[in-house]
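An overview of the molecular structure
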Amino acid sequence: MTPPFASRRHQSGQSLVEFCIVVPAFLFLILVTFQLVLIYRAKSTLDYAAFQAARAGSVNGADHGKMRSALAAGMTPLLATSPDVAGVTRARVKAEAEVRAFADIDVISPTRAAFNEHRERQYDGRYALPNDSLAFRDARIGGSGVNVQDANILKIKVTYQFPLIVPFADRVIAGVSALLTEGESYRPPMMLFEEPVSGHRRLPIESHAVVRMQTPIYDSSRLAR
């Protein structure tokens, strides 16, 4: 029989080994969970901001400047750190800069082909995609693949490069961890953008919004090809 004190001597240090195995994995799960919560929050805010941008486009002839301004207004809560006027003002300024540098708005519908097919001369002599009396217009589908009613549906895609700020979790979520990719040289195409100023890796988040146009579209260059 082995004496009890000898058994305890052989087991000394076992808890330290278990600690070294469990604690890093536990901390990693906490960091990744925190970063995923931030991504979910950003996606929810971006969905609302994209809808605001589409609404602004629907009442301003799909004007990209108006849509970007509305997108920045919708993204302001994501960047606000205090509820007072000064905090909201700082967040709005930061949102304008973020949208300008790290957000893209693409008009998916209507297309330029639909514009060229259904355009009409307006009261001011300019050609535009008409928006009046849609219920009484011809509903036949033309060569562009849509009728004039469907051509008045504005669909946009917003892509925002969201900064990953949680240490180590940003590398794993972006797919550039040395544990997974064997070195810093690996960069997944169209997956990673590294901000040169702060060094934060950025993950593209997309959101779509669909609304019906409330005004004519005069400038076909704003539309999808």
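Here is a short report on the structure shown in this document. Just so it is clear, the model here is predicted, and its values are computed rather than measured.

**Observations concerning the layout of surface pockets**
Each pocket or cavity is described by its volume, and for the largest pocket that value is around 300 Å³. Breaking the lining of the largest pocket down by element, the ones donating at least two residues are helix 2 (14-58), helix 3 (64-79), helix 4 (85-102) and strand 4 (153-164). In terms of residue count, strand 4 provides more of the lining of the largest pocket than any other element does, three residues in total. Class assignment for the residues of the lining of the largest pocket results in seven nonpolar, two polar and four charged. In this structure, the second largest pocket is lined by Glu117, His118, Arg119, Glu120, Pro130, Arg137, Asp138, Arg140, Gly142 and Val148. When grouped by side-chain class, the residues that make up the lining of the second largest pocket number two nonpolar, two polar and six charged.

**A closer look at helix 3**
With 16 residues, helix 3 ought to run about 22 Å at 1.5 Å a step, and its terminal C-alpha atoms sit 22 Å apart, in line with that. Residue alanine 73 marks the point of greatest curvature in helix 3, where the axis turns by about 25°; the proline proline 77 follows within four residues. Of the residues making up helix 3, those classed as buried are Met67, Ala70, Leu71, Ala72, Gly74, Met75, Thr76, Leu78 and Leu79.

**Overview of the packing of aromatic side chains**
Considering all chains together, one arrives at two aromatic pairs under this definition. For arginine 119, the ring lying beneath its charged end belongs to tyrosine 127, and the centroid distance is 4.6 Å. Geometry around tyrosine 218 places arginine 126 over its ring, the cationic atom sitting 3.9 Å from the centre.

About the thresholds
- Going along each chain's sequence as written, the residues are numbered from 1 onward.
- Residue-level local features of this predicted model are given only where pLDDT is at least 70; pairs of side-chain atoms are given and counted only at 80 or more, and the full residue set underlies all totals for whole chains, interfaces and linings.
- Side-chain metrics rest on all non-hydrogen atoms present in the structure, leaving aside hydrogens and water.
- Of the grid points, spaced at 1 Å and generated over the protein atoms alone, those admitting a 1.4 Å probe that cannot get out make up cavities, while open sets with protein on both sides within 12 Å along at least five of seven lines make up pockets; any residue with an atom within 4 Å of a point is treated as lining.
- Grid points are joined across faces, edges and corners, and a volume is the space filled by probe spheres set on the points.
- Helix and strand labels come from DSSP, where a helix needs a run of H or I of at least four residues and a strand needs a run of E of at least two; each type is numbered from the N terminus.
- Under the scheme applied here, ten amino acids are nonpolar (Ala, Val, Leu, Ile, Met, Phe, Trp, Tyr, Cys and Pro), four are charged (Asp, Glu, Lys and Arg), and all others, including Gly, are polar.
- By this rule the span expected of a helix is its residue count minus one, scaled by 1.5 Å.
- Take the seven residues that end at a residue and the seven that start at it, fit an axis to each, and the angle between those axes is the bend at that residue.
- Summary of the burial criterion: residues with accessible area below 20% of their type's maximum are buried, those above 50% are exposed, and those between are partly exposed, where the area comes from a 1.4 Å probe applied to protein chains only.
- In this scheme Phe, Tyr and Trp rings, the latter by its six-membered ring, pair at centre separations within 6.5 Å, and the angle between planes marks the pair as stacked below 30 degrees, edge-to-face above 60, and tilted otherwise.
- The rule is short: NZ of Lys or CZ of Arg within 6 Å of the ring centre and within 35 degrees of the ring normal puts a charge over the ring.

Function cannot be read off these values alone, since they describe shape.
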